[in-house]
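# Chains, contacts and geometry: an overview
Next come the chains, spelled out residue by residue.
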Amino acid sequence: MLSKALIQERLQTRFVGRKLFVFETIDSTNACAKTLAEADTEEGAVVVAEFQTQGRGRLGRPWEAEANENLLFSVILRPSIPRPLAGLLTFFASVAVARAIDETGTAPAVCKWPNDVLLDGKKVCGILLENSLRGETIEYSIVGIGLNVNQERFPDPLRHRATSLRIALGRPIDRIDCLARVLLSLERAYEDVRGGDFEAILADWTSRCSMFGREITVTQNNDLVTGKAVGLKKDGGLVLQTPSGPRTIYAGDISLLPSP
Amino acid sequence: MDLSYIKKIIKLVEHSGVDEIEIEEEGKKIRVAKNRNSTGGYAQPMMQMPVYQPVQAPAPQTTAPSVPAPQTEEKPKSAEKTYHEIRSPIVGTFYRAPSPDAEPYVEVGQAVKAGDVLCIVEAMKLMNEIESDIAGTVVKIAVDNARPVEYNQTLFYIDPA
């Protein structure tokens, strides 16, 4: 079981996770972190739960994870960066998680645009960022992370698309140690974010991305765009080479077409 | 000018097509105006809407009017009023509700406070809740749900309270 005392004993961070809320069951760690952020809870506060009854992903899609096997947590950040950079927080979170995963001894974690982290071509971590923007400022940013750690089996629709650190490593790993690593990695990468410097983060992300040079399809509502992924713009947009010229994508569901 | 006289004037205005009347008598002044925020169904401000004031140069500091000045006297708003624009801070996809089956955050005609969430603009799986930086009434939602929006594109027109 995760406990506040055990987690804090293992933390090597200065501020991330120093304020910590641990729940056995919660509706959603992101929703809780949002409530806390609205109540002026300080940057770096972390909400951890063993189980989420209403875990969610993009567009309210459910995020399901077995209790007591994985890591589900949300971090409150208050980055004072220009608004147009807000979109780059996605890459910051993905890269920080990928770096922490590497430390557990897996093959280098792979990034898929915009924010999935993969091992062996399967999703090991989902990230949901929620920013609160008012006028010119980012009031707060909630980084919600669902990391599959020790789950051994996934129900059918997920079986071919999801994996866990345990599956990748062939052995169970200590969740508290893993959480401490991810939080430290987030704190370190956040140093760059604070300075508004995303160059190293984007470079790391690009080197981990498996999509470049491949044909992909982006579904955005009823709009379908197919093209070759050729690069990442400075603002995080994915550049596709399509039959009608280059196109930059900012939202949508990505699927990789099978390699020819 | 006694109370019953004033009451009469109020009734008169209420049941007429006049929105506002000002009477000056022996140095005493009375002004009676209809409350436009009431649900009385005066479509009046909406009728004059098409004057969306062609984008006054990349709206320098939209933060200034966020604290409404204490109203000393009900100043009638001129017909050529400008609405406060809520613009997209990023390139992304505009969503009026937190999930496809949820109720929209706001509808036209709804009163909002500063800090109320108006919509989500999604970019790179980052859900950006866009809050109102002003109190007022939503007079127009300028983008259809789930459509792409550009940086600085106007999303909402708010009639400041």
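Further up the page is the structure itself.
What counts, and at which threshold
- Residues numbered from 1 in each chain as written.
- Chains lettered and ligands numbered in written order.
- Predicted model: local features only at pLDDT ≥ 70, side-chain atom pairs only at ≥ 80, totals over all residues.
- Heavy atoms only, no water.
- Helix = DSSP H or I, 4+ residues; strand = E, 2+ residues; numbered from the N terminus.
- Buried < 20%, exposed > 50% of the residue type's maximum accessible area, 1.4 Å probe, protein only.
- Contact = heavy atoms within 4.5 Å.
- Areas by Shrake-Rupley, 256 points an atom, 1.4 Å probe, with all protein chains shown as cover.
- Rg over C-alpha atoms; globule rule 2.2 N^0.38 Å.
- Lys, Arg positive; Asp, Glu negative; His and termini not counted.
- Charge placed at Lys NZ, Arg CZ, Asp CG, Glu CD.
- Axes fitted to C-alpha atoms, helices over the stretch in contact; angles between N-to-C directions.
- Parallel < 35°, antiparallel > 145°, perpendicular 65-115°, else oblique.
- Left-handed = near helix turned anticlockwise from the far one by under 90°.
- Nonpolar A, V, L, I, M, F, W, Y, C, P; charged D, E, K, R; others polar.
- Pairing = 2+ DSSP bridges.
- Phe/Tyr/Trp six-rings, centres within 6.5 Å; stacked < 30°, edge-to-face > 60°.
- Salt bridge = Lys/Arg side-chain N within 4 Å of Asp/Glu carboxyl O.
- Polar contact = N/O pair within 3.5 Å; in protein donor to acceptor, adjacent residues only side chain to side chain.

## A look at the overall build of chain B
Within chain B, the regular secondary structure consists of two helices and 10 strands. Within chain B, buried positions represent 37% of all 161 residues. Across chain B, contacts joining residues at least 24 apart in sequence account for 59% of those joining residues at least 6 apart. Of the roughly 9500 Å² that chain B leaves accessible, carbon and sulfur atoms contribute 55%.

## Quick look at the overall build of chain A
The number of helices and strands found in chain A is seven helices and 12 strands. What you see for chain A is a C-alpha radius of gyration of 18 Å, in line with the 18 Å of a compact globule of 260 residues. Once the C-alpha set of chain A is aligned to its principal axes, its extents read approximately 55 × 45 × 30 Å. Burial statistics for chain A: of 260 residues in total, 55% are counted as buried. Restricting the contact set of chain A to residue pairs at least 6 apart, pairs at least 24 apart contribute 63%. Per element, the accessible surface of chain A, about 11000 Å² overall, is 50% carbon and sulfur. Where the 31 positive side-chain charges of chain A centre and where its 32 negative ones centre are 3 Å apart.

## With respect to the environment of Phe198 of chain A
All names here are of chain A. The topology assignment puts Phe198 in the loop between α6 (175-194) and α7 (199-208). With 107 residues separating them in the primary sequence, Phe198 and Phe91 have C-alpha atoms 8.6 Å apart. Excluding anything up to four places from it in sequence, Phe198 contacts Ile81, Leu85, Leu88, Leu89, Phe92 and Val193.

## A word on the packing of helix α3 (residues 89-103) of chain A against α6 of chain A
Residue and element names in this part refer to chain A. Their axes nearest at 8 Å, the elements α3 and α6 cross at an angle of 140°. Considering their axes alone, α3 and α6 lie oblique with respect to each other. Classified by chirality, the crossing of α6 by α3 is right-handed. Contacts between α3 and α6 pair Leu89, Phe92, Ala93, Ala96, Val97, Arg99, Ala100 and Glu103 from the former with Arg181, Val182, Ser185, Leu186, Ala189, Tyr190 and Val193 from the latter. Of the residues that constitute the contact of α3 with α6, the class distribution is 11 nonpolar, one polar and three charged.

## Remarks on the pairing of strand β8 (residues 136-141) of chain B
Residues and elements named next belong to chain B. Extensive coverage of β8 is indicated by the burial of five of its six residues. Pairing geometry for strand β5 (residues 111-112) and β8, over two bridges, is antiparallel. Residue pairing across strands places Val112 opposite Gly136, the latter belonging to β8. Note: β8 against strand β10 (residues 154-160), five bridges, orientation antiparallel. What sits directly across from Val138, in β10, is Ile158.

## Considerations on the packing of aromatic side chains
All names here are of chain A. In total, this model carries five aromatic pairs over all chains according to the counting rule given. A ring pair is formed by Phe92 and Tyr190, whose centres lie 5.8 Å apart and whose planes are at 50°; its orientation type is tilted. On the criterion of sequence distance, the pair formed by Phe92 in helix α3 and Tyr190 in helix α6 is long-range, its members being 98 residues apart. When sorted by exposure, Phe92 lands in the same class as Tyr190, which is buried. The interplanar angle of 75° and the centroid separation of 6.3 Å between the aromatic rings of Trp205 and Phe212 together place this pair among those described as edge-to-face.

## Some thoughts on the interface of chain B and chain A
Tallying the contact residues gives 27 residues for chain B and 35 residues for chain A. Summed over the shared surface of chain B and chain A, the result is one salt bridge. In this structure, Lys34 of chain A and Glu129 of chain B form a salt bridge, with 2.3 Å as the shortest nitrogen-oxygen distance. Taken together, the connections running from chain B to chain A amount to 10 residue pairs in polar contact (both at pLDDT 80 or more). Of all the elements in the fold, those that place two or more residues in the side of chain B that touches chain A are β4 (92-95), β6 (117-123) and β7 (126-131) of chain B. Element by element, the count of residues in the side of chain B that touches chain A is highest for β7 of chain B, at six residues. Its residues assigned to classes, the side of chain B that touches chain A comprises 14 nonpolar, eight polar and five charged. Looking at chain direction, strand β6 (residues 122-134) of chain A and β7 of chain B are connected through six bridges and run parallel. The residue bridging Ser132 of chain A from the neighbouring strand is Glu129 of chain B, located in β7 of chain B.

## A closer look at the environment of Cys125 of chain A
Examined against the element boundaries, Cys125 of chain A turns out to sit in strand β6. C-alpha separation for the pair Cys125 of chain A and Ala98 of chain A, spaced 27 residues apart in sequence, amounts to 8.9 Å.

## What about the sheet that holds strand β3 (residues 84-87) of chain B?
Strand order in the open sheet formed by four strands is β3-β10-β8-β5 (chain B), and the pairing between neighbours is antiparallel. For this open sheet the edge positions go to β3 and β5 of chain B, each flanked by a neighbour on one side alone.

## Quick look at the pairing of strand β10 (residues 238-242) of chain A
Residue and element names in this part refer to chain A. Where burial is concerned, most of β10 is hidden: four out of the five residues are buried. For strand β9 (residues 223-232) and β10, the ladder comprises four bridges, and the chain directions are antiparallel. Residue pairing in the sheet places Ala229 in a bridge with Leu240 of β10. Hairpin connection of β9 to β10: five residues between the antiparallel strands, including Gly236 at a positive phi of 95°. If you look at the hairpin formed by β10 and strand β11 (residues 245-249), you'll find two residues sitting between the two strands.

## Notes on unusual backbone geometry
Excluding glycine, residues mostly carry a negative phi; peptide bonds, for their part, are mostly trans. With an omega dihedral of -5°, the bond running from Trp113 of chain A to Pro114 of chain A counts as a cis peptide bond. Note on placement: Pro114 of chain A falls in the loop between β4 (110-112) and β5 (116-119). Phi is positive for Asp40 of chain A, close to 70°, though the residue is something other than glycine. Mapped onto the fold, Asp40 of chain A is located in the loop between α2 (29-38) and β2 (46-52). Phi is positive for Ala146 of chain B, close to 70°, though the residue is something other than glycine. Mapped onto the elements, Ala146 of chain B comes out in the loop between β8 and β9 (148-149).

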